[in-house]
Amino acid sequence: MIFFIRVRKSIFGLLLLLILSGSMQTVLAVEPSPERQVALRHLLKNDCGACHGLTLQGGMGPALLPDNLNGKPDEFLVATILNGRKGTAMPPWQPFMNHDEALWLIGVLRKSVH
Amino acid sequence: MKKILSLLSFLLSFNVLAELRATGDLGIVIEREDGAALIINTTEHKQLAKISNLGDLSHASVVFSRDQRYAYIFGRDGGLSKIDLLQDKLDKRIIQAGNSIGGAISQDGKLIAVSNYTPGGVKVFSSATLELIADIPADYGDGKLSKVVGLVDAPGQRFVFSLFDAGEIWTLDMKNPQKPVIEKFKNIGKLPYDALISPDGRYYIAGLFGEGGMALLDLWNTGNGVKRILPDYVKADEKLPVYKMPHLEGWAVAGDYIFVPAIGKHEVLVIDKQNWQLVKAIPVPGQPVFVMARPDGRQVWVNFAMPDNNQLQVIDVKDLSLRKTLIPGKAVLHMEFTPRGEQVWVAVRDDNQLVIYDTDTLQEITRLPAQKPNGVFFSARAHKTGL
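Residues numbered from 1 in each chain as written. Chains lettered and ligands numbered in written order. Predicted model: local features only at pLDDT ≥ 70, side-chain atom pairs only at ≥ 80, totals over all residues.

(A) Up close: the packing of helix 2 (residues 34-52) of chain A against helix 5 (residues 99-111) of chain A. Residue and element names in this part refer to chain A. Their axes nearest at 11 Å, the elements helix 2 and helix 5 cross at an angle of 65 degrees. Crossing handedness for the pair helix 2 and helix 5: right-handed. On the side of helix 2, the interface is formed by Arg36, Leu40 and Leu44, while helix 5 contributes Glu101, Trp104, Leu105 and Val108. By residue class, the composition of the contact of helix 2 with helix 5 is five nonpolar, no polar and two charged. (Axes fitted to C-alpha atoms, helices over the stretch in contact; angles between N-to-C directions. Helix = DSSP H or I, 4+ residues; strand = E, 2+ residues; numbered from the N terminus. Left-handed = near helix turned anticlockwise from the far one by under 90°. Contact = placed C-beta atoms within 7 Å. Nonpolar A, V, L, I, M, F, W, Y, C, P; charged D, E, K, R; others polar.)

Pasting the structure below:
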């Protein structure tokens, strides 16, 4: 039953994505649950923050402030998060989040007011 | 109200002055999100004071003046704060760069050097006044500045550091503060991420992220240049993801053996410093971050990158085997031994706690509260090269 609802939700999200893509930068894919949002924000602050800085102004990794992400498409950033980037210290975060969660994080970063 | 407050603070400061305090068994605990430092007493397991408004301490390190009165805190945001351990107060604070990673105090205790990411380079300050004495941009050609990592002090009033983007090691001789002398070693390997110096101040070893092995500089024989050790240890195609860069600065030298975290492999490497060959690779559950020897060299303690960062492992140096796995709590970020090693303090970030262990029985002694602690530094570091 729960599975069924989830499938319907993601179909709805996909439709929404199709309708809205092009008109919006941050696509409203399936929003993570409130608990997952807390966990993802925690991960962003502490684990991403280990290299990109607690305030995301950069460290060993580049700054992730809205200005730095400007002009970089969502899917490019999602791929960077999920798969990492070869030849750099950026590891793949696939074991810790899925596509929609990465997309949601990018939305958080684009709006961040750190 | 204001009057009462100022009266109170006057009385309190009087009290501090009246009560004699020694600083040899004190320490600093960093609270990353609060941007604060706790002054703690390691003998009494007590928090003495909290110093706030120290900026972004999401990554921070601390060195101590040789009289052990002052702690110098290097923050992520380029802040350099001088804390007075006698009077529980901030003595002076400057913002010396946009983004920085660590620092060191000179052999004679008069200079503080800071390694910066932005602008890439090293700045040297008077430890007394925090006035700028030398500015060394890490220029590696065409005005490009490299991030600087692995900054340590070395005998001969020198500092040694590595250029992350350039793959170079530089030594900086500050005997004449007006005339710094720089010696550069190029092509030492790709992406040095941190470095350590042996406790005798002879060997400087930089870990490489961009290729296999580590870069070794013998400071007694700098003419021999930089050698690569363990070049083939981790093959590029078998490299595991690294969710937190290991730290090398908490050196782990026990007798002839140097213990270092493998990078991209879940192992602690034991290297014989007579011939720089691998003695043993000890399997561990995750990517090691800090690999630190108890001061007597009998044990080596290891913590890990996420998702294995709830654990600590204790290696017995006698037979290079795992003695025990401890589970202090969520996000074990750092540890520090008491000067002679009978206890160790562990910072457990997500549990907001410091856990103190007896290193002989490996039993927990007590826990102290701290807000998101990410570093523990004791004043005994004042008299150790490289710390």
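Following the structure, the description resumes.
(B) Molecular detail of the interface of chain B and chain A. Opposite the 15 residues of chain B that make contact, chain A presents 14 residues. Along the lines of polarity and charge, the residues of the side of chain B that touches chain A split into seven nonpolar, three polar and five charged.

(C) Broad picture of the nonpolar core. Formed by 124 residues in total, the largest nonpolar core has its most connected members in Ile28(B), Phe159(B), Phe259(B), Val300(B) and Val346(B). Not counting chain neighbours up to four residues away, the residues in contact with Phe159(B) comprise Ala104(B), Ala113(B), Val122(B), Leu151(B), Val152(B), Asp153(B), Ala154(B), Leu172(B) and Met174(B). By size, the runner-up hydrophobic cluster in this structure holds eleven residues, among which are Leu56(A), Trp93(A), Leu103(A) and Leu105(A). (Core = buried A, V, L, I, M, F, W, Y, C linked by C-beta atoms within 7 Å. Buried ≥ 20, exposed ≤ 12 C-beta atoms within 10 Å, placed from the backbone.)

(D) Main features of the sheet that holds strand 12 (residues 148-154) of chain B. All names here are of chain B. Reading across the sheet, the four strands line up as 12-13-14-15 and stay open at both edges, with antiparallel pairing between neighbours. Every other strand in the sheet has two partners, leaving strand 12 and strand 15 (181-185) as the edge strands with one partner each. Here the average twist between neighbouring strands, direction ignored, is 20 degrees. Pairing of strand 12 with strand 13 (residues 158-163) involves five bridges; the strand directions are antiparallel. Along strand 13, the bridge assignment pairs valine 149 with serine 162. (Pairing = 2+ DSSP bridges.)

(E) Local environment of the pairing of strand 22 (residues 267-272) of chain B. Residue and element names in this part refer to chain B. By the bridge criterion, five bridges tie strand 21 (residues 257-261) to strand 22 in an arrangement that is antiparallel. Counted as the bridge partner of valine 260 is leucine 269 from strand 22. What sits between strand 21 and strand 22 in their antiparallel hairpin is a turn of five residues, with glycine 264 showing a positive phi close to 80 degrees. Direction of pairing for strand 22 relative to strand 23 (residues 277-283): antiparallel, over a ladder of six bridges. If you follow valine 268 over to strand 23, its bridge partner there is isoleucine 282.

(F) Summary view of the packing of helix 4 (residues 74-83) of chain A against helix 5 of chain A. Residues and elements named next belong to chain A. At a minimum axis distance of 9 Å, the contact between helix 4 and helix 5 shows a crossing angle of 115 degrees. Viewed along their axes, helix 4 and helix 5 form a crossing whose handedness is right-handed. Here helix 4 contributes Asp74, Leu77, Val78, Ile81 and Leu82 to the contact with helix 5, which in turn contributes His99, Ala102, Leu103, Leu105 and Ile106. Here the contact of helix 4 with helix 5 is built from residues that sort into eight nonpolar, one polar and one charged.

(G) Expanded view of the sheet that holds strand 31 (residues 364-369) of chain B. Residue and element names in this part refer to chain B. Overall, antiparallel pairing links the four strands, which are arranged 28-29-30-31 in an open sheet. The open sheet has two free edges, formed respectively by strand 28 (332-337) and strand 31, since each of these has just one partner strand. Neighbour to neighbour, the strand axes of the sheet diverge by 20 degrees on average, direction disregarded. Inspection of the sheet shows strand 28 paired to strand 29 (residues 343-348) by five bridges, in the antiparallel sense.

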